[in-house]
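Survey of secondary and tertiary structure
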Amino acid sequence: MELLDKLKWRYAAKAMNGEKVSQDKIDRIIEAARLAPTSSGLQPFEIIVITNSDIKEKIRPVAWNQSVITDCSHLLVFAAWDTYTEERINKMFDLTNEIRGFENEGWENYRQKLLGSYPQKDPEVNFNHAAKQAYIAFSQSIAAAAFEGVDSTPLEGFDPEAVDEILGLRAKGLRSAVLLPLGYRDEKEDWLVNLVKVRKSTEDLVTVIE
């Protein structure tokens, strides 16, 4: 129930007060993203953590001039792989073998299956697939932030190409997928803070097939 209570407490803060979030909380929020499930365990994304004021100031104009970009404590950019490559796939499979300390025939066969599939696909198809995986981690960060009593603002309202350029992501084979400012709500400036959370009823949202 504690997690559900925290999720009821959270909302997309529209104004933040600039107060810094302690590093231990940030570390746990990021760790929740690192532990998120992803397709084939490839984790096809990186998380860029921005505290630099100048960089946040550059991003704000290309993010609909939203104040939470500059007033947040930490700005997380979830950047997905621009495509799947043999090198990237092999790196994750090799890491699995190294950590587990053995090779598995079925696992190696699955490696070959992916190598024979993903790298040959259109890069845009691959990026969209990778971005979906980034979103899974993104959602876990939102829940973890709520659990830590930290406000967050999920943002899709930004120019990805401009953010990519500001952060030099394309040179790293990455493309920005979604932003997550973390901080603390400014109750005096946030028009949303006292409004009741509105969600579909369970009956309207869920269909049970027995």
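Everything that follows concerns the structure shown earlier in this document.
Attention in this report is confined to the structure presented alongside it. (Residues numbered from 1 in each chain as written. Predicted model: local features only at pLDDT ≥ 70, side-chain atom pairs only at ≥ 80, totals over all residues. Heavy atoms only, no water.)

Across its full length, the protein chain holds 9 helices and 4 strands. Listed by position from the N terminus, the elements making up the protein chain come as α-α-β-α-α-β-α-α-α-β-α-β-α. Based on the C-alpha atoms only, the size of the protein chain along its principal axes is roughly 60 × 50 × 30 Å. Sequence-distant contacts in the protein chain: of pairs separated by 6 or more residues, those separated by 24 or more amount to 81%. (Helix = DSSP H or I, 4+ residues; strand = E, 2+ residues; numbered from the N terminus. Contact = heavy atoms within 4.5 Å.)

Pairing is antiparallel across the open sheet formed by 4 strands, whose spatial order is 1-2-4-3. Strands at the two margins of the open sheet, each flanked by one partner only, are strand 1 (45-50) and strand 3 (151-152). Pairing analysis gives 8 bridges linking strand 2 (residues 74-81) to strand 4 (residues 174-183), with the strands arranged antiparallel. In the sheet register, Val77 faces strand 4, and the bridge partner there is Leu179. Contacts from helix 2 (residues 23-34) reach strand 1, strand 2 and strand 4, with the element oriented near 20° to strand 2. Sheet strands in contact with helix 7 (residues 123-147) are strand 1, strand 2, strand 3 and strand 4, and its direction is about 10° off that of strand 4. (Pairing = 2+ DSSP bridges. Axes fitted to C-alpha atoms, helices over the stretch in contact; angles between N-to-C directions.)

Now for the side chain of Arg88. Position of Arg88 among the secondary structure elements: in helix 5 (residues 86-100). A relative accessible area of 18% places Arg88 in the buried class. Of note is the side chain of Arg88, whose polar atom sits 2.8 Å from the backbone oxygen of Thr83. The contact partners of Arg88, leaving out residues within four places of it in the chain, are Trp81, Asp82, Thr83, Lys172, Gly173 and Leu174. (Buried < 20%, exposed > 50% of the residue type's maximum accessible area, 1.4 Å probe, protein only. Polar contact = N/O pair within 3.5 Å; in protein donor to acceptor, adjacent residues only side chain to side chain.)

Another aspect to go through is the environment of Val196. The topology assignment puts Val196 in the loop between strand 4 and helix 9 (202-205). A relative accessible area of 73% places Val196 in the exposed class. Between the alpha carbons of Val196 and Thr85 there is a distance of 46 Å; along the sequence they are 111 residues apart.

This model, assessed by the stated rule, comprises 10 salt bridges. We note a salt bridge from Glu124 to Arg175, for which the minimum N-O separation is 2.9 Å. Pair noted here: Glu124 is in helix 7 and Arg175 is in strand 4, with a separation of 51 residues, a long-range link. The residue Asp164 makes a salt bridge to Arg170 at a minimum N-O spacing of 2.8 Å. Shared partners join several salt bridges into a network, and the residues in it are Asp24, Lys25, Arg28 and Glu148. (Salt bridge = Lys/Arg side-chain N within 4 Å of Asp/Glu carboxyl O.)

Describing an aromatic ring pair means giving the distance of the ring centres and the angle of the ring planes. Per the stated rule, a full pass over the model turns up 7 aromatic pairs. Where Trp81 meets Tyr84, the ring centres are 5.7 Å apart and the plane angle is 75°; that geometry is what we call edge-to-face. Relative accessible area serves as the criterion here: at 8%, Trp81 is assigned to the buried category. Joined through ring pairs, the aromatic side chains of Phe78, Tyr135 and Phe138 make up one cluster. The residue whose ring lies beneath Arg100 is Trp107, and the NZ or CZ to ring-centre distance is 6.0 Å. Taking the ring centre of Phe127 as reference, the NZ or CZ of Arg175 above it sits at 3.8 Å. (Phe/Tyr/Trp six-rings, centres within 6.5 Å; stacked < 30°, edge-to-face > 60°. Lys NZ or Arg CZ within 6 Å of the ring centre and 35° of its normal.)

Moving on: the nonpolar core. Judged by nonpolar contacts, the single largest core of 35 residues is most densely connected at Leu42, Ile59, Leu75, Ile89 and Leu167. Counting 20 residues, the second largest nonpolar core, distinct from the first, contains Phe78, Ala134, Ala137 and Ala144. (Core = buried A, V, L, I, M, F, W, Y, C linked by side-chain atoms within 4.5 Å.)

Helix packing geometry: the angle between the two helix axes and the distance between the axes. Where helix 1 (residues 2-9) meets helix 7, the axes come as close as 8 Å, and the angle between the chain directions of the two elements is 100°. If you check the angle between helix 1 and helix 7, you find them roughly perpendicular. Each of Glu2, Leu3, Lys6, Leu7 and Trp9 in helix 1 lies in contact with helix 7, whose residues at this interface are Ala143, Ala146 and Phe147. For the contact of helix 1 with helix 7, the residue count by class is 6 nonpolar, no polar and 2 charged. (Parallel < 35°, antiparallel > 145°, perpendicular 65-115°, else oblique. Nonpolar A, V, L, I, M, F, W, Y, C, P; charged D, E, K, R; others polar.)

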